[in-house]
Amino acid sequence: RGAHWVASARPRGATSQGMRTVCCLWALLTLAAGVYGAESAEDLLRQRRLPEAEAAFTLRVQRDARDAEAHHQLGRLALARRDFAAAMPHLEKAAELEPARAEYQFHYGAACVQHADQLGKTFKALGLARRGRAAMERAAELAPDRAEYQHGLIEYFARAPAIAGGSMEKARAYAQALRARDPREGTLALASLHLRARQPGEAIALYTAHLSHQPDDYQVLYLLGRAAADAGEQVEAGRAALERCLRLPPPPRGVPHAVVNFHLGRLHQHAGDFDAARRAYAAALALEPDHTAARAALDALP
């Protein structure tokens, strides 16, 4: 409508080429106002209108190349698509513009590590991994109360090769430090390291100690049961944990009851109770008919 109004109001003597230029400018201004006017880029992001949010953040960067938050969000949006070529410059710029912002440091570091994983065993990957570790360490120093930053570092040290700074000793040290500040998160981190080292008994002991204080911690109940099912150890403790899980509502983003029933079936199998295992697998399939692992386990029962 705006372009039509401009065309109808053409003054005498104006050229067609000139009017086309005016119309194009009007269209661009209208587009910018629609994307960036009534709703901010952050509003669009919260509403999961991702292409529009990306366009709005791009406009912000074009208007102010030192807009760290716009760079940060553009990097994260590209990273969600695993477009590292687009993500890395924006995340690096955000971290450079505001080096004291822990969130920027952590997301840049995590992106470096993900990109290194994608590149495999190359010199570029090694450099990225080291850069990522340094940025995540910086984030952990800036915000020691953010458990997710500690978890990220623990995972890095546990997985990375020694040449890139990997060390189970460092991973355990960070997990112990996290446990001193946040007993639950530290317990989860330490137990995960024990499981990685094929020490399920130690992990189950940590879960059990935590549950003595918080008996209805759904996630820890599930983790204990799954660890017992994976190892075929402490079967009775695992069954009790998963049965308690089923009496609790799954938390937001928690493991659904179908998965709990599947691992409960595995524990019944370990105990030689095939009828109970059959009931557990059937319950999993009743809740989630396309649960292929439960279907395969049920079909394989004697």
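Since the structure is predicted, the reported quantities are computational estimates derived from the model, not experimental observations. (Residues numbered from 1 in each chain as written. Predicted model: local features only at pLDDT ≥ 70, side-chain atom pairs only at ≥ 80, totals over all residues. Heavy atoms only, no water.)

1. A few points about the overall build of the protein
- Check the secondary structure of the protein and you find 17 helices and zero strands.
- Here the protein, with 302 residues, has 42% of them falling under the buried criterion.
- Excluding contacts between residues fewer than 6 apart, the proportion of contacts in the protein whose partners are at least 24 apart in sequence is 45%.
- Roughly 16600 Å² of accessible area belongs to the protein as shown, and the carbon and sulfur atoms make up 55% of that amount. (Helix = DSSP H or I, 4+ residues; strand = E, 2+ residues; numbered from the N terminus. Buried < 20%, exposed > 50% of the residue type's maximum accessible area, 1.4 Å probe, protein only. Contact = heavy atoms within 4.5 Å. Areas by Shrake-Rupley, 256 points an atom, 1.4 Å probe, with all protein chains shown as cover.)

2. Structural notes on helix 10 (residues 168–181)
- Given a rise of 1.5 Å per residue, 14 residues ought to cover 20 Å, and the 20 Å separating the end C-alpha atoms of helix 10 matches this to within 8%.
- Against the buried residues of helix 10 lie helix 9 (147–159) and helix 11 (183–196).
- For helix 10, the N-terminal cap is Ser167; the gap from its side-chain oxygen to the backbone nitrogen of Glu169 is 3.3 Å. (Expected span 1.5 Å × (residues − 1). Polar contact = N/O pair within 3.5 Å; in protein donor to acceptor, adjacent residues only side chain to side chain.)

3. Thoughts on the nonpolar core
- Counting 64 residues, the largest nonpolar core has Met88, Tyr108, Ile154, Tyr156 and Tyr207 as its most contacted members.
- In this structure, Tyr207 is in contact with Leu188, Ala191, Leu195, Val220, Leu223, Leu224 and Ala227, ignoring residues within four places of it in sequence.
- Of all hydrophobic cores here, the second largest spans 10 residues; its members include Leu45, Phe57, Val61 and Leu74. (Core = buried A, V, L, I, M, F, W, Y, C linked by side-chain atoms within 4.5 Å.)

4. Some thoughts on the packing of aromatic side chains
- Using the criterion set out here, one finds four aromatic pairs in the structure.
- Taking the centre distance of 4.6 Å and the plane angle of 25° together, the rings of Phe106 and Tyr149 count as stacked. Of this pair, Phe106 sits in helix 7 (residues 102–119) while Tyr149 sits in helix 9, and the two are 43 residues apart along the sequence. When sorted by exposure, Phe106 lands in the same class as Tyr149, which is buried. (Phe/Tyr/Trp six-rings, centres within 6.5 Å; stacked < 30°, edge-to-face > 60°.)

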